[in-house]
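# Fold and geometry: a report
Here is what each chain is made of, one letter per residue.
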4 protein chains.
Amino acid sequence: MSGPTLEEAQQLIADARAQALALGKALSIAVVDYGGYLVALERMNGARPMTPSIALAKAYSAAVMQRPTAMLKNWSSSDPVFFSQVARMGHQPIVATLGGYTLKRDGEILGGVGVSGGSPEEDQAVCESVIAAAGFATDFPAWAGAKQEANGRG
Amino acid sequence: MSGPTLEEAQQLIADARAQALALGKALSIAVVDYGGYLVALERMNGARPMTPSIALAKAYSAAVMQRPTAMLKNWSSSDPVFFSQVARMGHQPIVATLGGYTLKRDGEILGGVGVSGGSPEEDQAVCESVIAAAGFATDFPAWAGAKQEANGRG
Amino acid sequence: MSGPTLEEAQQLIADARAQALALGKALSIAVVDYGGYLVALERMNGARPMTPSIALAKAYSAAVMQRPTAMLKNWSSSDPVFFSQVARMGHQPIVATLGGYTLKRDGEILGGVGVSGGSPEEDQAVCESVIAAAGFATDFPAWAGAKQEANGRG
Amino acid sequence: MSGPTLEEAQQLIADARAQALALGKALSIAVVDYGGYLVALERMNGARPMTPSIALAKAYSAAVMQRPTAMLKNWSSSDPVFFSQVARMGHQPIVATLGGYTLKRDGEILGGVGVSGGSPEEDQAVCESVIAAAGFATDFPAWAGAKQEANGRG
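The structure reproduced in this document is the subject of the present report. Once a new chain begins, its residue numbering starts again from 1 and follows that chain's sequence as written. Each chain takes a letter, starting from A, and each ligand takes a number, starting from 1, following the order in which they are written. For this predicted model, a pLDDT threshold of at least 70 governs which residues receive local features, and a threshold of 80 or more governs which side-chain atom pairs are given and counted, while totals over whole chains, interfaces and linings are taken from all residues. Side-chain metrics in this entry use all non-hydrogen atoms of the structure; hydrogen atoms and water are not considered.

Two residues form a contact once any of their heavy atoms are found within 4.5 Å. Counting from both sides, the interface comprises 20 residues of chain B and, opposite them, 25 residues of chain D. Two parts placed together each lose some accessible area; with a 1.4 Å probe, that loss summed over both constitutes the buried area. Taken over both partners, the interface formed by chain B and chain D buries close to 1600 Å², and the fraction arising from carbon and sulfur atoms is 65%. Looking only at chain B, the three residues that lose the most surface to chain D are F82, Q85 and M89 of chain B, adding up to 34% of its buried area. Any Lys or Arg side-chain nitrogen located within 4 Å of an Asp or Glu carboxyl oxygen qualifies as a salt bridge. Between the two partners, chain B and chain D, sit 0 salt bridges. By the criterion applied in these results, polar contacts are pairs of N or O atoms within 3.5 Å in which, for protein atoms, one can donate a hydrogen and the other can accept it, and in which residues neighboring in sequence qualify only through two side-chain atoms. Inspection of the region where chain B meets chain D yields 2 residue pairs in polar contact (both at pLDDT 80 or more). Here the side of chain B that touches chain D takes 4 residues from helix 4 (residues 80-86) of chain B, the largest share from any one element. The residue makeup of the side of chain B that touches chain D, split by class, is 11 nonpolar, 5 polar and 4 charged. Per the convention used, a helix needs a DSSP run of H or I reaching at least four residues, while a strand needs a run of E reaching at least two, with both numbered from the N terminus. Here the nonpolar group is Ala, Val, Leu, Ile, Met, Phe, Trp, Tyr, Cys and Pro; Asp, Glu, Lys and Arg are the charged ones; every other residue, Gly included, is treated as polar.

Take a look at the structure:
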């Protein structure tokens, strides 16, 4: 098994949509498999045209880096030139921001989910909520790519 | 109105999925708005990793060229160098193949739908069926870009 | 309706040109539709060769981000790596600067206008003036993408 | 003088628009300067979203190659690999097709005009008509880039 089923992806998206409606925000939600390839994506009515691409980049990053995207922020800020180079090595941009979460279960990486269209904090909260509701893991080892001297900054 | 609603996109996708199950094929289906930006996308269990990108390119092409993608084939085959250049001018590749259909209603272009994963003929049949079921227009003027000498090639 | 008519675009451009003449500046002015595709563009005699591309990028950004470009500045300055990545996801660069304005009417996004060639403040003043004269909306919710800690920077 | 004035560009566009209306076609028309930078562009109501980019590429090609784009077709078909490489060396694609015309007066290259949205023959006819009406030159030496063996083909 190298990804969430379509039904699991649809459930994640339906949960995220319900929360977005409660927040009064129009979001795009993307779910990708282990390799970062789309399983399902939805843009809610009123969400901006670029939000599907941003949600996909977040889901992709969380899948292929095997960490929630928020955990990449220290690396991005401490070593922006190298990060930017790595960020272009895949078939989607790798982004270090709030709102992307890895799908991990029983120690296995299954893919990622990305949310775009709210504030960074809202995107992140929606991610964390749907991940928890679906029973995916939330424990990830710290990202070693961040420079030592940057550890105190974040 | 600059695109189908999410509900319209979901209906197109659900119809396509039902037909794919009847065919015994695993498909990806993409729906985009007037400008070619995603509204919704699904990859059925078992569909290949590249099928979402191909479905998106088909939907994009049908939206921004404002013709079903099959109508671009004469142009692509008769003038491949120029076609390839135009095909890179947008934010997705423009493809000339079966399986992409323009969403047009009351004379207005609303977007496009793209299907990938079956044979070209299956992808096209699914497109045509969901377009007809949803009541979108199926009349489009012939594509003028094909070279005269290519008209007999089919 | 998925964009301004050519006549509306021409009126915006004629108004901008009149103001540029009053200012004694040579400007380029671009108008795009909902999806960021050009409707009309003019470069006044004496305007620099890159000003059409800059005006187009401003108009594009205001259309697809659905905010005046000035409202993206906090995001760009507070999270430059992520902003730069999103800025490459479309078919024109997304820019966070003065001089791009969203075309919104009756709550619907119709496109964008961009001005380049004057000082940033002049480009912005021309934008705001032509938007107001044409009766487009000027109320936009604050951009949520800017990091909290950047809010004081202005 | 390294380009047409804005007034000359506007006149070319107005002439092209009048002819498009007579043909019943919705066209995009682009005018560029000596260096291939936009002077003015218009997309008529109903013209497809990609037509501005295609018209610009035609105008660009006619300006920087200093030949009507139709004169590049032999080169493109006889040496497609090299042509494709050269075609990516500029800041717009260089295209070898009907519908782009060089602006030359008194032996001096001033820029180019490009038309997109009709059949290739219609785009070309509109180009030739507006060039003639504005008094630009129509004599150009044959393009030497085409391979000898291809001369009999075109």
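Back to the text.
With that out of the way, let us pick up the side chain of K104 of chain A. Residue and element names in this part refer to chain A. Summarising the element assignment, K104 is placed in strand 3 (residues 100-105). One buried charged residue, K104, forms no salt bridge at all, with the nearest opposite charge on D139 at 4.0 Å. Within the structure, the side chain of K104 is placed 2.8 Å from the backbone oxygen of D139, a separation counted as a polar contact. Ignoring sequence-local partners within four residues, the contact set of K104 consists of I109, F136, A137, D139 and F140. Think of it in three bands: residues with accessible area under 20% of the maximum for their type are buried, residues over 50% are exposed, and the middle band is partly exposed, with areas taken using a 1.4 Å probe on protein chains only. His is not counted, nor are the chain ends, whereas Lys and Arg count as positive and Asp and Glu as negative.

Looking now at helix 1 (residues 6-23) of chain B. End to end, helix 1 of chain B covers 25 Å across 18 residues, agreeing with the expected 26 Å (1.5 Å per residue, within 8%). Listed as buried for helix 1 of chain B are L6, A9, L12, I13, A16 and A20 of chain B. One side of helix 1 of chain B carries all its buried residues, which in axial view fall inside an arc of 125 degrees. Facing away from the buried side of helix 1 of chain B, by more than 90 degrees, are the exposed residues L21 and A22 of chain B. On its buried face, helix 1 of chain B sits against helix 1 (6-23) and strand 2 (38-43) of chain A together with strand 1 (28-33), strand 2 (38-43), strand 3 (100-105) and helix 5 (120-133) of chain B. Positioned one or two residues after helix 1 of chain B, G24 of chain B has a phi angle of 75 degrees, which is positive. To estimate how far a helix should reach, multiply one less than its number of residues by 1.5 Å. Arc definition: directions from the helix axis to the C-beta atoms.

In any sheet, the strands associate via hydrogen bonds between backbone groups, in a parallel or an antiparallel arrangement. Note: two strands are recorded as paired if DSSP finds a minimum of 2 bridges between them. Reading across from one edge, 3(C)-4(C)-1(C)-2(C)-2(D)-1(D)-4(D)-3(D) is the order of the 8 strands in this open sheet, with antiparallel pairing throughout. Every interior strand has two partners, whereas the edge strands, strand 3 (100-105) of chain C together with strand 3 (100-105) of chain D, have only one. Adjacent strand axes in the sheet meet at a mean angle of 15 degrees, parallel and antiparallel pairs treated alike. Pairing of strand 1 (residues 28-33) of chain C with strand 4 (residues 108-116) of chain C, which is carried by 6 bridges, proceeds in the antiparallel orientation. From the neighbouring strand, S28 of chain C faces strand 4 of chain C, where its bridge partner is S116 of chain C. For helices, the fitted axis covers only the stretch in contact; all axes are lines through C-alpha atoms, and the angles between them, taken along N-to-C directions, range from 0 to 180 degrees. Lying over the sheet, helix 1 (residues 6-23) of chain D contacts strand 2 (38-43) of chain C together with strand 1 (28-33), strand 2 (38-43) and strand 3 of chain D, oriented at roughly 25 degrees with respect to strand 2 of chain D.

Superposing copies: least-squares fit, C-alpha atoms only, residues required to have pLDDT of at least 70 in both. After a rotation of 179 degrees and a shift along the axis of 0.0 Å, chain A superposes on chain B with an RMSD of 0.1 Å. Given the turn and translation reported, the copies of this chain are related as if by a two-fold rotation axis. In terms of proximity to the rotation axis, the leading residue of chain A is L41 of chain A, whose C-alpha is 2.5 Å off the axis.

Before going further, it helps to spend a moment on the relation of the copies chain B and chain D. The relation between the two copies of this chain is a rotation about an axis and a shift parallel to it. Here chain B sits on chain D after a turn of 84 degrees about the axis and a move of 0.8 Å along it, with an RMSD of 0.1 Å. Taken together, the interface assignments show that only 10% of the residues at the interface of chain B recur at the interface of chain D, consistent with different surfaces on the two copies.

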